[in-house]
Amino acid sequence: MLTKILQGKSLVQLWQKMYCGQSQSGTCSQCQHMRIICWCHTPSLCWRSEQVEYRYLRFCQVKDLLEDFIYGMEFMDTVDGDQSLECCPKKHRHHEFVDVKKLTLAHLPHDLRHASVLVWLKYCALLVVKLKRVTSNGKATGRVCFVVRERGIVKTCSSNKCHIEDPHEVYGGISIITNMHVVKNDFDASRTTVEFFYDDKESPPHTEQGSSITLTKREMDYGVFSCYVHNKDLVGKLMLVDEIKHYAWLQIPAELRKISKDYAIIISHPHGESKKFSFGKILDREILWNSEQLENNRVLQNMFNTLETLQEPVLTWFSVFIQEFIMSREIKLPHKRTRYDTATCKGSSGAPVYMGSVVEENGREINLPHTHRGVDREVFNISFT
């Protein structure tokens, strides 16, 4: 709906169409972002700075149309960075964040207080990264995944931000999952730094540069971008961590794995700080769908059913084909909106949310994390699954 409203129209044109027709754009002196100046009112109204005059009904109506861009996200931009932690509207929940290196059994929800859960979470945390936009100093969170088609690719580093002056090589195979509102195209990806292992202030992170966008899903606010790294061993190290993480999940007693579906566990970089855990409960889940999405789901289900009848090497080839088919097209599928009460802050956008969502891969159960998006109208945290 929001896309249809804004399609082909600037914010100023939208304002003129809805209201007095005497608006013009400008730059806010507080945050340097676009503002609307309407001659119906004495003050100028900025939709990004803290100086917004919400009491004006007309602006509030426009604010509602742009809710997804103003409220929902927890991407920490330049404006937010100017605010101290004491100014954070969620500061009353800061005590709920737990440093990853200080996590103990006592921090876990009572129902999940088991040594195997603690070990599994420690390995999950190793794959979480801090993202920083070079152009705006914006901060968010992401997690590591692996791209088969880029594994083993070696190319010459082309980053103008690289600290190594002489020509040198970088290695492919790693991608980063985050929100589409954090990284939505190649421009954003190439100007995003990825900080691995930023676990506390005393341990300097391993920093690399993003490369290009791999996949986006607008309706789920989901994006993946590739990250070529200077240390070839880093790819193998992270793949090993990922394998151990999956193994550690299976060491958790089955009854606890089932109970974990009631909880939302988030690993993020709130306010761009070192990595933190936060724990909460699932509030509700709602399936969002239409007839087109149901039909697409039926077709893909038939494809996956076909997979079960195939043998190697055709099985591997067809599996890759389906993945490429899905990733190369904006295929709309039914999805679920999940709400939870876990503590988050600016900078938590793109963080993995573990909610006991399991899938079977090569005959093995895997706990698949989802991606924290932000908050909804009722200020509950949400992700699309």
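Keep in mind it's a predicted model, so treat the numbers as computed, not measured.

Conventions used here
Residues numbered from 1 in each chain as written. Predicted model: local features only at pLDDT ≥ 70, side-chain atom pairs only at ≥ 80, totals over all residues. Heavy atoms only, no water. Salt bridge = Lys/Arg side-chain N within 4 Å of Asp/Glu carboxyl O. Helix = DSSP H or I, 4+ residues; strand = E, 2+ residues; numbered from the N terminus. Buried < 20%, exposed > 50% of the residue type's maximum accessible area, 1.4 Å probe, protein only. Phe/Tyr/Trp six-rings, centres within 6.5 Å; stacked < 30°, edge-to-face > 60°. Expected span 1.5 Å × (residues − 1). Arc of directions from axis to C-beta. Polar contact = N/O pair within 3.5 Å; in protein donor to acceptor, adjacent residues only side chain to side chain. Core = buried A, V, L, I, M, F, W, Y, C linked by side-chain atoms within 4.5 Å. Contact = heavy atoms within 4.5 Å. Pairing = 2+ DSSP bridges.

Colleague: What is the right way to look at the pattern of salt bridges in this model?
Modeller: Where charged atoms from two side chains of opposite charge come close, those side chains can pair. Across all of its chains, the model carries 13 salt bridges by this definition. Note that Lys276 and Asp99 form a salt bridge whose closest N and O atoms lie 2.4 Å from each other. Residue Lys276 is located in strand S14 (residues 276-288), and its partner Asp99 is located in strand S4 (residues 98-99); the two are separated by 177 residues in the primary sequence. Residue Asp99 is classed as partly exposed on the basis of its relative accessible area of 23%. Salt-bridge contacts for Asp221 lead to Arg373; the nearest nitrogen and oxygen are separated by 3.4 Å. Taken as a pair, Asp221 in the loop between strand S11 (213-217) and strand S12 (222-229) and Arg373 in strand S19 (residues 370-375) lie far apart in primary sequence, 152 residues in all. A network of salt bridges, in which partner residues are shared, links Asp99, Lys102 and Lys276.

Colleague: I'm lost on the packing of aromatic side chains in this one. Help?
Modeller: Both the distance between ring centres and the angle between the ring planes are used here to describe each pair of aromatic rings. Under the definition given, this model contains 4 aromatic pairs. Summarising the aromatic geometry, the rings of Trp120 and Tyr354 are spaced 5.1 Å apart at their centres and angled 80° between planes, so their arrangement reads as edge-to-face. In this pair, Trp120 is assigned in helix H6 (residues 115-126) and Tyr354 in strand S16 (residues 352-354), connecting sequence segments 234 residues apart. Judged by relative accessible area, which is 4%, Trp120 ranks as buried. Assessed through its relative accessible area of 4%, Tyr354 is described here as buried. Ring geometry for Phe277 against Phe279: centres 6.1 Å apart, planes inclined by 15°, an arrangement best described as stacked. For Phe277, a relative accessible area of 0% translates into the label buried.

Colleague: Help me understand helix H8 (residues 232-250) in this model?
Modeller: Along an α-helix, a turn takes 3.6 residues, which lines up residues three or four apart on a common side. Helix length check: H8 (19 residues) gives 29 Å between terminal C-alpha atoms against 27 Å at 1.5 Å per residue, within 8%. Taken residue by residue, H8 has Leu234, Val235, Leu238, Val241, Asp242, Lys245, His246, Ala248 and Trp249 as its buried positions. In a view along the axis of H8, the buried residues occupy a sector of 160°, so they form one face of it. Set apart from the buried face of H8 by more than 90 degrees, the exposed residues are Lys232, Asp233, Leu240 and Tyr247. A side-chain oxygen of the first residue of H8 lies 2.9 Å from the backbone nitrogen of Asp233; this N-cap is Asn231.

Colleague: When you look at the nonpolar core in this model, what are you seeing that I'm missing?
Modeller: In a soluble, globular protein the nonpolar side chains are often hidden away together inside. One finds Leu103, Trp120, Leu121, Ile267 and Phe277 to be the most contacted residues of the largest nonpolar core, which totals 22 residues. Of all the elements in the fold, those that place two or more residues in this core are H6, H8, strand S13 (263-268) and S14. Among the elements that line this core, the one with the most residues is H6, at 6 residues. Setting aside residues no more than four positions away along its own chain, Leu103 makes contact with Val98, Leu108, Leu118, Leu121, Lys122, Phe277 and Phe279. Grouped together as the second largest cluster of nonpolar side chains are 21 residues, Leu131, Val182, Val235 and Leu238 included.

Colleague: Explain the pairing of strand S6 (residues 139-146) here, please?
Modeller: Among the 8 residues that make up S6, 7 are buried, leaving the element largely enclosed by the rest of the structure. Of the pairings in the sheet, the one linking strand S5 (residues 128-133) to S6 comprises 5 bridges and is antiparallel in character. Note that in S6 the partner of Val128 across the bridge is Arg143. Pairing geometry for S6 and strand S8 (residues 169-178), over 4 bridges, is antiparallel. Bridging across to S8, Arg143 finds its partner in Ile177.

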